Amino acid sequence: MTMFHFFNCAILTFGPHAVYYSATPLSEYDTLGTSVKTAVVYLVTALVKLVCLATFLKVSESDVFDPSQELLKALIGFIDVAGLYFALTQLTHRNISQNHKFQAVGLGWAFADSVLHRLAPLWVGARGLEFTWDYILQGLEANANLMLSLSLAALGSLMWLRKNKPKTLIPIIYACAGFVATMPSITSYLRWGLGWHLPEVVGFQLFTSLTMALVSWQLFSACQKPSA
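Residues numbered from 1 in each chain as written. Predicted model: local features only at pLDDT ≥ 70, side-chain atom pairs only at ≥ 80, totals over all residues. Heavy atoms only, no water.

Caption draft 1: Structural context of the overall build of the chain. From N to C terminus, the chain includes nine helices and zero strands. Secondary structure elements of the chain occur, N-terminal to C-terminal, as α-α-α-α-α-α-α-α-α. Here the C-alpha radius of gyration of the chain, 18 Å, is about what a compact globule of 228 residues would show, namely 17 Å. Overall, the C-alpha framework of the chain stretches about 60 × 40 × 30 Å when taken along its three principal axes. Counting across all 228 residues of the chain, residues that qualify as buried make up 43%. Summarising the internal contacts of the chain: among those between residues at least 6 apart in sequence, 79% fall at separations of at least 24. When the accessible surface of the chain is summed, it comes to about 12,600 Å², and 68% of that surface belongs to carbon and sulfur atoms. Here the chain contributes 14 positively and 12 negatively charged side chains, and the mean placements of these two sets differ by 16 Å. (Helix = DSSP H or I, 4+ residues; strand = E, 2+ residues; numbered from the N terminus. Rg over C-alpha atoms; globule rule 2.2 N^0.38 Å. Buried < 20%, exposed > 50% of the residue type's maximum accessible area, 1.4 Å probe, protein only. Contact = heavy atoms within 4.5 Å. Areas by Shrake-Rupley, 256 points an atom, 1.4 Å probe, with all protein chains shown as cover. Lys, Arg positive; Asp, Glu negative; His and termini not counted. Charge placed at Lys NZ, Arg CZ, Asp CG, Glu CD.)

Caption draft 2: Broad picture of the pattern of salt bridges. With the rule as written, the count across this model stands at four salt bridges. The partner of aspartate 80 in a salt bridge is lysine 49, with the nearest N and O atoms 2.9 Å apart. Taken together, the residues aspartate 80 in helix H4 (residues 79-89) and lysine 49 in helix H2 (residues 32-56) connect sequence positions 31 residues apart. Taking the shortest distance from any N to any O, the salt bridge between glutamate 70 and lysine 73 comes out at 3.3 Å. A residue pair is termed a helical-turn pair when its members lie 3 or 4 positions apart in one helix, as glutamate 70 and lysine 73 do in helix H3 (residues 67-77) at three residues. Judged by relative accessible area, which is 12%, glutamate 70 ranks as buried. Salt bridges sharing common partners tie together Asp113, Arg118 and Glu141. (Salt bridge = Lys/Arg side-chain N within 4 Å of Asp/Glu carboxyl O.)

Caption draft 3: Structural detail: the packing of aromatic side chains. Applying the stated criterion across every chain, the model contains seven aromatic pairs. Pairing tyrosine 85 with tryptophan 160 gives two aromatic rings, centres 5.0 Å apart and planes at 90°, and the pair type is edge-to-face. Taken as a pair, tyrosine 85 in helix H4 and tryptophan 160 in helix H6 (residues 134-160) lie far apart in primary sequence, 75 residues in all. In this structure tyrosine 85 comes out as partly exposed when scored by relative accessible area, which is 38%. Here a set of aromatic residues connected by ring pairs shows up, and it is made of Phe6, Phe7 and Trp123. One Lys or Arg, arginine 191, reaches over the ring of tryptophan 192 and ends 5.0 Å from the middle of that ring. (Phe/Tyr/Trp six-rings, centres within 6.5 Å; stacked < 30°, edge-to-face > 60°. Lys NZ or Arg CZ within 6 Å of the ring centre and 35° of its normal.)

Caption draft 4: Representation of the packing of helix H8 (residues 183-193) against helix H9 (residues 198-224). Where H8 meets H9, the axes come as close as 10 Å, and the angle between the chain directions of the two elements is 150°. Considered as vectors, H8 and H9 are oriented roughly antiparallel to each other. Here the hand of the crossing between H8 and H9 comes out right-handed. Contacts between H8 and H9 involve Met183, Ile186, Thr187, Leu190 and Arg191 from the first element and Leu198, Val201, Phe204, Gln205 and Thr208 from the second. (Axes fitted to C-alpha atoms, helices over the stretch in contact; angles between N-to-C directions. Parallel < 35°, antiparallel > 145°, perpendicular 65-115°, else oblique. Left-handed = near helix turned anticlockwise from the far one by under 90°.)

Have a look at this one:
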């Protein structure tokens, strides 16, 4: 029963990444190399963030929400944006379109995040004798993170690669990108500042990620249209 629960949670956590890759044109255009290189960029970015967090953040003995520490954590979190910028603009890609490029980058970024932050807890905890919903919620959180990573990659593609985008959409694109980039701080505030329970936080993440995915798709589609 414990291994069955582990495999169910693992499929929920990592399965959508494989399904997205195989169900979209990404597999037809052989973009796996781009996703793998993006995953390596993510690991380097995560290492830089870890060093910055260890250097600048104070060690707290309680889970009380500290606005100054959370603000600093949010600023350090923008290192992810720099990593995505490098992955989108500096990595060598195959001859793939901008549409497939941002999807491959977002997919690789989200998969690396799930492996780094969820694989070990899943392996240790989901095989326990006592059933818990925490790892199912963790899998749902990974799905929300996949949508957010794809959204941020799409918005980054519009900001850094799309030159002839409508000027009226530029503030919206940057505002959406800023919102997605600060989502970890927002969820941290909901959890520790407002005292939300984990199911409520995950539900908020799923709703927000779906909304941002739809908004990003609409923005990307609008920027694809030839300007009048």
